[in-house]
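This is what each chain is made of:
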Amino acid sequence: MNYTIFDVLKAIKTYISECKPSNYGECILSPIDKDNSPKGDFAITLLRIEEETSQKPQSVYEKVEGELKIKKKINPSIYINLYILISTHADNYETALKEISDVIYWMNNFQNDKILIELQSLTAEQFNSMWQTLGGKLAPCAVYKIRMVEISSESKSDVDPIDPKGIRQEISHKENQ
């Protein structure tokens, strides 16, 4: 089954929201920045998208059913890894430490056949660089790698596929008017 990046992040957000006690802040999908830090909340932030090349198909052609030696070109599925940051922004630092401990416990018990999650260990340099890049105030956090999200040309989408020929024809038609 194909998931969008949003589907995966929303599933994690829903899972944390269901695990957390009612006195904890809301779990939100949010960027981190110095001007708009999510006060009192858990923030899930997408840090990076990486292609998983070990699953890349060797051929971009598939055999057409019922015909010999005729193949059609396909856009193969791509597999990506997502790196996310889950941070806590409680008003009290001790509360934030308790909350991030709970998040790590909950994420360690996350069960889903299609979504594989690994806690990532960052070096002090990587951790410092990450927060400098984000521009936010340092907060208790954990970084996770979500492995092998499949994105396929056959995935459903709200956006119609782009037809380059149609775009060129539309542009030349407007120029001729």
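Located above this text is the structure these notes cover.
So, here's what we can say about the structure. (Residues numbered from 1 in each chain as written. Predicted model: local features only at pLDDT ≥ 70, side-chain atom pairs only at ≥ 80, totals over all residues. Heavy atoms only, no water.)

## Comments concerning the pairing of strand β2 (residues 42-51)
For step 1, the next point in the chain: Pairing geometry for strand β1 (residues 27-29) and β2, over three bridges, is parallel. Bridging from a neighbouring strand, Cys27 pairs with Phe42 of β2. (Pairing = 2+ DSSP bridges. Helix = DSSP H or I, 4+ residues; strand = E, 2+ residues; numbered from the N terminus.)

## What to know about the nonpolar core
For step 1, the next point in the chain: Counting 23 residues, the largest nonpolar core has Ile12, Ile16, Ile44, Ile84, Ile86, Met107 and Ile146 as the members making the most contacts within it.
For step 2, the next point in the chain: With five residues, the single largest contributor to this core is helix α1 (residues 5-19).
For step 3, the next point in the chain: Every residue in contact with Ile16, bar those within four places of it in the chain, is listed here: Cys27, Ile44, Ile86, Trp106 and Met107.
For step 4, the next point in the chain: Residues Ile32, Leu85, Met130 and Cys141 belong to the second largest nonpolar core, which totals nine residues. (Core = buried A, V, L, I, M, F, W, Y, C linked by side-chain atoms within 4.5 Å. Buried < 20%, exposed > 50% of the residue type's maximum accessible area, 1.4 Å probe, protein only. Contact = heavy atoms within 4.5 Å.)

## Points about the packing of aromatic side chains
For step 1, the next point in the chain: Taken as a whole, this structure holds four aromatic pairs when the rule is applied.
For step 2, the next point in the chain: On the basis of an interplanar angle of 40° and a centroid distance of 5.9 Å, the ring pair of Tyr24 and Phe42 is categorised as tilted. Here Tyr24 is found in the loop between α1 and β1, whereas its partner Phe42 is found in strand β2, with 18 residues between them in sequence. Here Tyr24 and Phe42 have matching classes, each one buried.
For step 3, the next point in the chain: Measuring from ring centre to ring centre gives 6.2 Å for Tyr24 and Trp106, while their planes differ by 45°; the resulting arrangement is tilted. Remark: Trp106 occurs in helix α2 (residues 93-108) and Tyr24 occurs in the loop between α1 and β1; sequence separation between them is 82 residues. Neither residue differs from the other here; Tyr24 and Trp106 are each classed as buried.
For step 4, the next point in the chain: Among the aromatic residues, those joined into a ring-pair cluster are Tyr24, Phe42 and Trp106.
For step 5, the next point in the chain: In this arrangement the basic side chain of Arg48 is found over the ring face of Tyr83, its NZ or CZ atom lying 4.3 Å from the centre. (Phe/Tyr/Trp six-rings, centres within 6.5 Å; stacked < 30°, edge-to-face > 60°. Lys NZ or Arg CZ within 6 Å of the ring centre and 35° of its normal.)

This is a description of form; function is not addressed.
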